[in-house]
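Fold and contact review
Listed below are the residues making up each chain.
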Amino acid sequence: MSKPLLAAALAACLTIGAPLFAHAEHPEGMHIHDIYARTNGGIGQSGAAFMMIHNNSDTDDRLVEVRSDVAERVELHTHRESADGVMQMVEIEGGIALPAREMHELARGGDHVMLMGLTRELADGDSFTLTFVFEQAGEVVMDVTVDNARKPADGAMDHGEGGHGHGHGSGHGSGHGG
């Protein structure tokens, strides 16, 4: 291959590949990965979504809302121990703080996205969309796959409505203010 033709081919590859490397070279905004959901099945039932959220910006942010058309209500939940020692799942008031350059895990037995009153049946392998709303980064839309077979991480609690494990989810996204 001639040098000019080789240079042109390399330039074309780099130009085509530029968007693939842009996130890695300039990690700004929110990065959500390892996302999946577990559900109790049919219409009217519940489910939960779990993921890792990285705030790759230099600005503190907060996850204030999550939306989806697959549930009548979508809320941010966590587990807290009551005065009598019983673990209870409760809604997180005011959202989840995401300090600059930090990561937050939404996992079984901890913070998670709760899907209440499913509007359609969600079985293993089904996908749906979640829209994450951040104070600073704006909206980030993710595709989520139901994976009821995932096992909890060591030491995590099973509250029967969702799960957590390790691996890669179907969704991957980053968002910037908007």
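Just so it is clear, the model here is predicted, and its values are computed rather than measured.

1. Observations concerning the sheet that holds strand S9 (residues 127–134)
The 4 strands are arranged S6-S3-S9-S10 in an open sheet whose pairing can be described as antiparallel. A strand with exactly one partner marks an edge of an open sheet, and here the two such strands are strand S6 (96–98) and strand S10 (138–145). The average angle at which neighbouring strand axes cross in this sheet is 35 degrees, direction not considered. Relative to S10, S9 is paired through 8 bridges, and the arrangement is antiparallel. What sits directly across from Phe132, in S10, is Val140.

2. Comments concerning the pattern of salt bridges
Tallied over the full model, the rule gives 5 salt bridges. Taking the shortest distance from any N to any O, the salt bridge between Glu65 and Arg67 comes out at 3.5 Å. Residue class for Glu65 comes out partly exposed when judged on its relative accessible area of 34%. Note on Arg67: relative accessible area 33%, which makes it partly exposed. Close ionic contact of Arg73 with Glu75 constitutes a salt bridge, the shortest N to O distance being 3.1 Å. A single salt-bridge network, built from bridges that share partners, covers Glu65, Arg67 and Glu139.

3. Here's the deal with the pairing of strand S2 (residues 46–55)
Within S2, 9 of the 10 residues are buried, which leaves it mostly tucked inside the rest of the structure. With 8 bridges connecting them, strand S1 (residues 30–39) and S2 associate as antiparallel partners. Within S2, the residue paired with His31 across the bridge is His54. Taking the residues between adjacent antiparallel strands as the criterion, S1 and S2 are bridged by 6 residues, where Gly41 takes a positive phi near 110 degrees. Relative to strand S8 (residues 112–118), S2 is paired through 4 bridges, and the arrangement is antiparallel. Residue pairing for S8: Ser46 is matched across the bridge by Met116. Here S2 runs beside strand S7 (residues 103–106); their pairing, made up of 4 bridges, is antiparallel. Each residue of the ladder has a partner; that of Met52, found in S7, is Glu105.

Procedures and definitions
Along each chain, the written sequence defines residue order, and numbers are assigned to residues from 1. Confidence filtering applies because this is a predicted model: local features only for residues at pLDDT of at least 70, side-chain atom pairs given and counted only at 80 or more, and all residues used for totals across whole chains, interfaces and linings. Side-chain numbers come from the whole structure's heavy atoms, not from hydrogens or water. In this analysis, strands are considered paired if DSSP registers two or more bridges between them. Each helix is a run of H or I in the DSSP string that is no shorter than four residues. Each strand is a run of E no shorter than two, and both are numbered from the N terminus. Every axis corresponds to a line fitted to the C-alpha atoms, with the helix fit spanning only the stretch in contact, and the corresponding angles, defined between N-to-C directions, vary from 0 to 180 degrees. Every case where a carboxyl oxygen of Asp or Glu lies within 4 Å of a side-chain nitrogen of Lys or Arg is listed as a salt bridge. Only protein chains enter the accessibility calculation, which uses a 1.4 Å probe. A residue is then buried if its area is under 20% of the maximum for its type, exposed if over 50%, and partly exposed in between.

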